[in-house]
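# Commentary on secondary and tertiary structure
The lines below spell out each chain.
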Amino acid sequence: MICSRAPAKVILFGEHFVVKGKPAIATAVDLYAETCIEESEDYIVESKQLGLKFSIFGTSIPPSLLQFRKAAELVMNLAGSTRGFHAVVDSEIPVAAGMGSSASTIVSFIHALLSFYGFKPELSLVNKMAFEAEKIVHGKPSGIDNTVATYGGTLYYKKGQIERLDVKWPRSLSIVVVDTGVKRSTKSIVREVLDLYEAHPSIMSKLYDVAEELVNEARRRLVEGDFTSLGQLININQGLLSAIGVSSREIEEIVYRLRSLGAIGSKLSGAGRGGVVYGVFTDLNKDLLKKVFRNYTVYLVKPINEGVHHRIL
Ligand code: PMV
């Protein structure tokens, strides 16, 4: 049996603006999706998290598994093989919440499947195939989700170009991720933002330019380790996301609760309208955090450098 794991991501800056070619910064964090593959007569994908088990070349495959069919076609065409497999996919990443669950899952699947067919899973190949499969779910993905799940680390991303940032995350720094519990579709929110852009191009293009400047400034501050300025930039970024219509009452509630608990910055992460909000703390009172967010799912995450990799059994 072959098992591969890929990390989740938190978009620190620049989501949505990245879809139109502006830069974004995201970091891989220590929550994982994992795929384990063994030989079979059929082509089975079993998702533990979604409670689904299907033959992916069958006629009744649910839409949430279509990206697996696409990924399997890409790998099997490359291998020139029809060897059957049973893939079990499991994940601790919340679904449809802005932490890249679908990208991490598909990246782990492709990495494991390439190995199953005898390839050494080159990261650039895994990333390219995952991007193709992600198009099935997202329509017009920027590629940032699959890139972070593949390579890990804290990445500055622009139009498919990646730069690994040398960030010395202080030990005392905590990233708290709070799930609003509101599930949403990235594809439709991205579409709505693009429609808003078309309706008001001269206003929106200025917001996009500000977002670009903000991300470039954030890159400098991250590398310098100026986390106070970084917090201010996180808050400004939240304001821009609100301006383009992707915040919500639930999100703002969490954003302000995190700030009142002492977060140096807090904003939504991912497509918005629901999903997750993150806050950065230099001095976190965990007991108070637990109390304030007792009705929410909260993750205390750590940025990590490693991307997709085999899990040694
Ligand atoms: O919510 P997520 O994890 O799917 O993140 C989407 C990020 C967007 O910038 C909104 C879309 C994209 O493809 O970059």
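Our structure is the block above this text.
Residues numbered from 1 in each chain as written. Predicted model: local features only at pLDDT ≥ 70, side-chain atom pairs only at ≥ 80, totals over all residues. Heavy atoms only, no water.

## As for helix α5 (residues 186-199)
Heads up, the condition is: Per the convention used, a helix needs a DSSP run of H or I reaching at least four residues, while a strand needs a run of E reaching at least two, with both numbered from the N terminus. A helix is expected to span 1.5 Å for every residue after the first. For the exposure calls, accessible area comes from a 1.4 Å probe over protein chains only, and a residue counts as buried if that area is under 20% of its type's maximum, exposed if over 50%, partly exposed in between. Our arc is simply the arc of the directions from the helix axis toward the C-beta atoms. Contacts: residue pairs with any heavy atoms within 4.5 Å of one another.
Spanning 14 residues, α5 covers 20 Å between terminal C-alpha atoms, matching the ideal 20 Å at 1.5 Å per step. Those residues of α5 lying buried are Ile-189, Val-190, Val-193, Leu-194 and Tyr-197. Looking straight down α5, one finds its buried side chains confined to an arc of 135°; they lie on one side. Buried residues along α5 sit against α6 (201-224).

## Remarks on the side chain of Ser-142
The line we're drawing: In the analysis that follows, any N or O atom pair within 3.5 Å is treated as a polar contact, provided that within protein one partner can donate a hydrogen and the other can accept it, and provided that, for residues neighboring in sequence, both atoms belong to side chains.
Note on placement: Ser-142 falls in the loop between α3 (123-138) and α4 (144-151). Ser-142 gets classed as buried once you look at its relative accessible area, which sits at 18%. Within the structure, Ser-142 has its side chain in polar contact with the backbone nitrogen of Ile-144 (distance 3.3 Å). Residues within four places of Ser-142 in sequence aside, it is in contact with Val-18, Val-19, Phe-131 and Tyr-157.

## Remarks on the nonpolar core
What counts here: To form a nonpolar core, buried Ala, Val, Leu, Ile, Met, Phe, Trp, Tyr and Cys residues must be joined to one another through side-chain atoms within 4.5 Å.
Core analysis: the biggest nonpolar cluster contains 57 residues, and Phe-13, Ile-25, Met-99, Val-177, Ile-244, Leu-258 and Tyr-278 have the highest contact counts within it. Here this core takes eight residues from α6, the largest share from any one element. Grouped together as the second largest cluster of nonpolar side chains are 30 residues, Ile-37, Val-107, Ile-110 and Ala-130 included.

Read these as spatial facts, not as claims about activity.
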